[in-house]
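The chain contents come next:
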Amino acid sequence: MEQLDRILLGRQELHRLVLIGILSRGHVLLEGLPGLGKTALVRTIGQILKLDFKRIQFTPDLMPGDVLGTHILQETSSGKRELTFQPGPVFTNILLADEINRASPKTQSAMLETMQENSVTLLGTTRPLPQPFFVLASQNPIELEGTYPLPEAQLDRFLFRVLFDNVDTEVLDRIISERRRGELPTPNWQMERGQLETLFRTMERIYLPRPVSRYIARLVSATHPGGAEATEPVNRYISYGASPRAAIAIAEAARAHALLAGRPSVGFEDVKAVTAPVLNHRLILNYQARFDRMNASKLVAELLGRLDETGLNLPKDVELATA
Amino acid sequence: MKSPHSQALQSFVRRLMLLSLLRAGIQMATLWFFIWGVVILMARISGVQQTEWLALGMLGFVPLAMAAGLRERSRQPAFDKMRACYDRLQACGGILMSEEVSDMTAWQAHLSAASAPRLRWHSGQAMLWLGVSALFMAVALLLPERLTRLSSHRPLEIGRTVDQLQAEVQTLQQEKIVEDKKAEDLQQQLSQLKQDSSGFDPNKTWEALDHIKEANSDAAKQAAEEALTKMRELTQAETLARAMAQAADKGMSEANATESAQDLASMLNAAKLENGILNGQIPPELLAGLNGLNKEQLEKLMQALELNKNSLGLTVSNLANLKLIDPALLSKCQNAGQCHNPNALAEYLSTCTNGCDALAECLLLGKGGPGGGGPPAPMTWDNDTSEKDVKFQEHALPPAAHLSDAQLVGVSKAAPDLSGNDVNAGNGALDNAAASGGSAHSQVILPEHRQAVRNFFKRDN
């Protein structure tokens with residue numbers, strides 16, 4: 001975190017989310033305008049984690065074989081010719097899928113198995129991907145001509161969709177002052193693979209208390225219109241709510257958030273911190289939402305504000321506050 | 001030893017529970033005060049004025065509040081929920097919640113200082129309702145008795161009516177028109193009505209009073225009618241007795257005297273003074289010796305008759321004073337008590353020979369009989385002729401002939417020919433009357449109707 005904050009200025013919260021994604025072994029979709037540092041972020045993470053890092057620039061003519069790899073005819077040392085599998089760039093630890101929405105649906109769907117199963121199946125042979133395996137995809141919300149929006153099934157495989165906002169004037173001033181020609185400083189500390197695996201093992205020991213898991217379940221149920229605790233905006237604007245995979249994602253991300261906070265258990269605040277990036281690409285809004293310029297982030301924020309975390313259901317005239 | 005956070009958590013749970021109990025208790029007290037206030041109001045309106053018992057009833061909220069407390073206790077949130085709430089409020093990050101699986105005391109040392117979360121109850125509205133309900137109950141309890149009796153036990157203003165009826169009954173009793181026992185019953189009934197009369201059901205009281213009034217009036221009217229008849233009889237008898245006395249002075253024959261005495265006896269017997277409601281009395285020695293009464297005895301008889309008449313007149317007058325009979329009946333009675341002119345009858349008795357009918361002549365007095373129609377009577381238009389119970393004589397009309405019984409004599413499109421032999425139109429009062437001579441049959445057709453009439457009678461063929 002410290003290294004990331006030092007190299008990429010003014011994006012602490014973003015860095016935290018990306019790290020949570022990595023610790024949760026999830027894939028992250030980075031969405032933002034060009035020049036906001038998406039690629040720089042991914043490259044820096046690769047450098048800090050000392051993991052194998054590859055980048056694919058998705059274009060409309062990119063073929064699945066270009067991503068997954070292909071069989072080529074090769075002559076062996078004995079003079080015999082055989083088909084040899086040439087791994088694609090997906091065989092790496094950290095894959096930057098730059099402008100993923102510019103690839104054709106055929107190529108995009110080639111990523112489905114890799115993201116969910118962490119393996120590649122070609123010609124009946126399934127090859128596992130090196131572990132850990134993360135996809136950090138980026139897409140541009142403008143310049144949508146010639147793009148293929150990611151289908152819901154593929155969006156659901158991303159743990160987070162992280163929105164890149166513009167940085168404020170102070171940060172811009174620091175960038176101009178400290179980053180000559182935009183060159184990033186190299187990290188002065190790197191995480192060894194063993195340390196990363198230790199973190200993964202620690203993740204397994206983070207305890208998710210029953211009230212918190214219950215809260216996550218209620219939260220996800222409340223995103224479904226007509227649900228018991230669905231709010232009025234949910235009923236009004238959402239066509240389909242989040243899937244059980246979203247609930248699992250929230251729980252895992254909350255664990256990672258608790259780990260980053262140095263705690264052995266998940267609290268409600270961990271859940272609240274990760275809910276928005278987990279749910280904001282999983283809620284399918286209706287046309288009414290478009291008319292009213294309503295988006296998923298606003299709906300999730302409204303839901304988090306309305307839903308009582310503990311389910312105590314205190315009367316409205318009773319107020320609780322810290323001493 | 002419990003950790004500070006555990007102690008704070010226990011404190012928080014206790015305070016939450018206490019607040020729930022207090023809140024439920026106040027709600028129940030509010031509800032009970034409203035209900036009991038209504039009960040008090042209803043009870044006081046319906047006549048229960050023992051406010052001590054009603055005031056004690058307000059303590060009924062105690063068991064209700066206890067029941068509400070027990071209910072709240074059973075509905076108390078699970079401990080893990082309250083612990084989760086504490087964890088969230090204290091930003092413990094799930095460490096306290098993790099105590100459900102392992103001892104987290106060591107981790108709790110890293111948390112911020114323990115303190116029970118602050119519970120704040122916005123009780124303004126609840127307290128306002130409690131105050132309103134308590135005030136309502138207090139007002140219901142302390143309301144002056146006269147206000148609570150306003151609608152229910154307000155007695156009817158029937159005192160004067162009852163007094164009037166009691167006076168009537170008393171008069172009827174004194175005049176022996178109503179028997180003593182019945183009069184006492186009526187008096188008792190009137191007293192009871194006066195005591196029990198209520199604004200709740202005035203119709204019942206008024207109906208009972210009307211019934212008594214009608215019974216009094218009927219009895220009085222019956223007595224007055226009887227008095228009128230008896231006074232007429234007595235007046236005729238008195239007239240005859242006076243005529244007899246005068247005729248005796250003028251030398252009435254023995255036969256006429258005997259016959260007149262018999263007529264007088266029959267008159268007195270017909271009067272039946274001893275019978276009926278208003279019974280009078282004539283000395284028996286006078287009645288026994290009617291055939292041979294001398295002048296002195298005749299005077300005594302006349303005095304007795306006068307006395308009975310006066311008694312009857314006084315009774316009728318008393319009834320009229322109480323308005324039990326109408327003034328017309330009183331006037332009739334007074335007129336009936338006026339003695340006719342006995343001079344003509346005395347003249348008749350002294351002069352008539354060969355069997356004169358004194359009784360018949362006496363009955364004709366004032367009706368064109370002896371004396372030329374009695375004393376002159378004033379001509380007044382005060383009293384209209386009553387049309388009560390007057391009915392026209394009913395005549396059943398003959399049944400109308402049914403159309404099927406009609407006889408067809410012919411069909412013609414032209415106007416009916418009335419000049420035939422079958423029709424006899426010569427029996428009417430207007431027979432042979434000229435149509436142009438102002439006959440009753442002539443019908444004037446107004447100018448604006450002429451065209452319509454012409455069109456109606458117009459025939460194409």
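Scroll up for the structure.
Residues numbered from 1 in each chain as written. Chains lettered and ligands numbered in written order. Predicted model: local features only at pLDDT ≥ 70, side-chain atom pairs only at ≥ 80, totals over all residues.

Asker: I tried to follow the overall build of chain A on my own but got confused; where do I start?
Answerer: A tally of regular secondary structure across chain A gives 14 helices and 12 strands. The proportion of buried residues among the 323 residues of chain A is 39%. Long-range contacts, defined here as pairs at least 24 residues apart, represent 74% of the contacts in chain A between residues at least 6 apart. (Helix = DSSP H or I, 4+ residues; strand = E, 2+ residues; numbered from the N terminus. Buried ≥ 20, exposed ≤ 12 C-beta atoms within 10 Å, placed from the backbone. Contact = placed C-beta atoms within 7 Å.)

Asker: Help me out: how do you make sense of the overall build of chain B in this one?
Answerer: Along chain B, the regular secondary structure elements total 17 helices and one strand. Out of the 461 residues belonging to chain B, those deemed buried represent 28%. Residue pairs at least 24 apart in sequence account for 75% of intrachain contacts in chain B once pairs closer than 6 positions are excluded.

Asker: Would you mind showing me how to read the interface of chain B and chain A here?
Answerer: It is common to give the size of an interface as the accessible area lost on bringing the parts into contact. Contacts between the two partners involve 30 residues from chain B, matched on the other side by 26 residues from chain A. At the level of elements, α1 (4-45), α4 (79-89) and β1 (118-121) of chain B are the ones that each hand at least two residues to the side of chain B that touches chain A. Take the side of chain B that touches chain A: its biggest share by element is eight residues, from α4(B). Partitioned by chemical class, the residues of the side of chain B that touches chain A number 16 nonpolar, six polar and eight charged. Bridge count between strand β12 (residues 318-321) of chain A and β1(B): four bridges; the pairing is antiparallel. Following the sheet pairing, A:Glu319 is matched in β1(B) by B:Arg120. (Nonpolar A, V, L, I, M, F, W, Y, C, P; charged D, E, K, R; others polar. Pairing = 2+ DSSP bridges.)

Asker: I keep staring at the sheet that holds strand β8 (residues 134-139) of chain A and nothing clicks. Help me out?
Answerer: Consider a sheet: its strands pair through backbone hydrogen bonds, and that pairing is either parallel or antiparallel. Residue and element names in this part refer to chain A. In spatial order, the strands read β2-β5-β8-β1-β9; together these five strands make up an open sheet with parallel pairing. Taken across any chain shown, the strands that pair with only one partner, and hence form the sheet edges, are β2 (53-57) and β9 (158-163). If you compare each strand with its neighbour and ignore which way they point, the axes differ by 20° on average. Where strand β5 (residues 94-98) and β8 come together, four bridges link them in parallel fashion. Looking at β8, one finds that Leu96 is bridged to Leu136. (Axes fitted to C-alpha atoms, helices over the stretch in contact; angles between N-to-C directions.)

Asker: What's the story with the packing of helix α11 (residues 244-260) of chain A against helix α12 (residues 268-279) of chain A in this structure? I'm lost.
Answerer: Helix-helix packing: each pair is described by the crossing angle between the helix axes and the interaxial distance. Residue and element names in this part refer to chain A. Closest axis-to-axis distance for the α11/α12 pair is 8 Å, and the angle between their directions is 135°. Comparing their axes, α12 and α11 come out oblique. Here the hand of the crossing between α11 and α12 comes out right-handed. Seen from α11, the contacting residues are Ala246, Ala249, Ile250, Ala253, Ala254, His257 and Ala258; seen from α12, they are Asp270, Val271, Ala273, Val274, Thr275, Val278 and Leu279. Split by residue class, the contact of α11 with α12 holds 11 nonpolar, two polar and one charged. (Parallel < 35°, antiparallel > 145°, perpendicular 65-115°, else oblique. Left-handed = near helix turned anticlockwise from the far one by under 90°.)

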